[in-house]
Amino acid sequence: SEENLFEIEEIIIEDALIKTIQPEHKQMLKKVKKIQFNYSSALFWVSISDIVTVYELFVGCIQNKDTVFVSLNLDISSSWEINRSKIESFSTLLNELSLVGHHFKNIPNVTFKGFKRLRTLFLSSNELTALEKEAFVDLDNVEMLCLDKNKLSRLGQGIFSLMNKLKTLKLS
């Protein structure tokens, strides 16, 4: 029944490009504690801006933004390069970001600037060969960083020095 919808605590949005939420349905998001966005290569036509639209639509409805856990898993086209302008919209609420298997060759400095709530960052299975000192600026709350299955041969001096809460670093 619709009354039970108000008890939803977790929402998983998988490969859905939702455009609107009816005002009466926004009430359903009041008690949400976790919202997870998963987009896969099955949606070869999807763009980052489409995903940003869905993300902003949902997180805009959440009342208690300080306690909600927001996760984004982008397993989409490997043809785009990571840059700040494409992911900046996610910076304020995201707790977990997965950018696995995109064939990224580098991460420009300050790409993740403003991602203060981020706790987990997955950058596995890319083609990263080097990371500059400022690649992870503002990631001082990250507890887990996965850089495994890359081709890393050089890390900028002090690259992890501002990551005070880093507990798990996965390399291979």
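Residues numbered from 1 in each chain as written. Predicted model: local features only at pLDDT ≥ 70, side-chain atom pairs only at ≥ 80, totals over all residues. Heavy atoms only, no water.

**Considering the side chain of S124**
Then step 1. Note that S124 resides in the loop between β5 (120-122) and β6 (130-131).
Then step 2. Look at S124 and you get buried, because its relative accessible area is 8%.
Then step 3. Among residues more than four places away in sequence, those in contact with S124 are L99, V100, G101, C146, L147, D148 and N150. (Helix = DSSP H or I, 4+ residues; strand = E, 2+ residues; numbered from the N terminus. Buried < 20%, exposed > 50% of the residue type's maximum accessible area, 1.4 Å probe, protein only. Contact = heavy atoms within 4.5 Å.)

**A word on the pairing of strand β1 (residues 10-14)**
Then step 1. Here β1 shows a clear split, with I11 and I13 buried on one side and none of E10, I12 and E14 buried on the other.
Then step 2. Sheet topology places β1 next to strand β2 (residues 34-40); five bridges connect them, and they run parallel. Of the residues in β2, the one forming a bridge with E10 is K34. (Pairing = 2+ DSSP bridges.)

**Concerning the pattern of salt bridges**
Then step 1. Evaluated as defined, the whole model comprises six salt bridges.
Then step 2. A salt bridge links E9 to K33; the shortest N-O distance between them is 3.7 Å. Taken as a pair, E9 in the segment before β1 and K33 in the loop between β1 and β2 lie far apart in primary sequence, 24 residues in all.
Then step 3. A relative accessible area of 43% places E9 in the partly exposed class.
Then step 4. For D140, the salt bridge goes to K116, with nearest N and O atoms at 3.7 Å. Of this pair, D140 sits in the loop between β6 and β7 (144-146) while K116 sits in the loop between β4 (96-98) and β5, and the two are 24 residues apart along the sequence.
Then step 5. A residue is classified by how much of its surface remains accessible, and D140, at 25% relative accessible area, is partly exposed.
Then step 6. Look at K116 and you get partly exposed, because its relative accessible area is 41%.
Then step 7. The structure contains a network of salt bridges with shared partners spanning K116, D138 and D140. (Salt bridge = Lys/Arg side-chain N within 4 Å of Asp/Glu carboxyl O.)

**Topic: helix α1 (residues 48-59)**
Then step 1. For α1, with 12 residues, the first-to-last C-alpha span of 16 Å sits near the 16 Å given by 1.5 Å per residue.
Then step 2. I48, I51, V52, V54, Y55, L57, F58 and V59 are the residues of α1 that are buried.
Then step 3. Those residues of α1 that are buried lie in contact with β1, β2, β3 (69-75) and α2 (84-87). (Expected span 1.5 Å × (residues − 1).)

**Regarding the environment of A135**
Then step 1. As for its position among the elements, A135 is in the loop between β6 and β7.
Then step 2. Through-space distance from the C-alpha of A135 to that of T111 is 6.6 Å; in sequence the pair is 24 residues apart.
Then step 3. If we skip the residues at most four places from it in the chain, A135 touches I107, P108, N109, V110, T111, F112 and I159.

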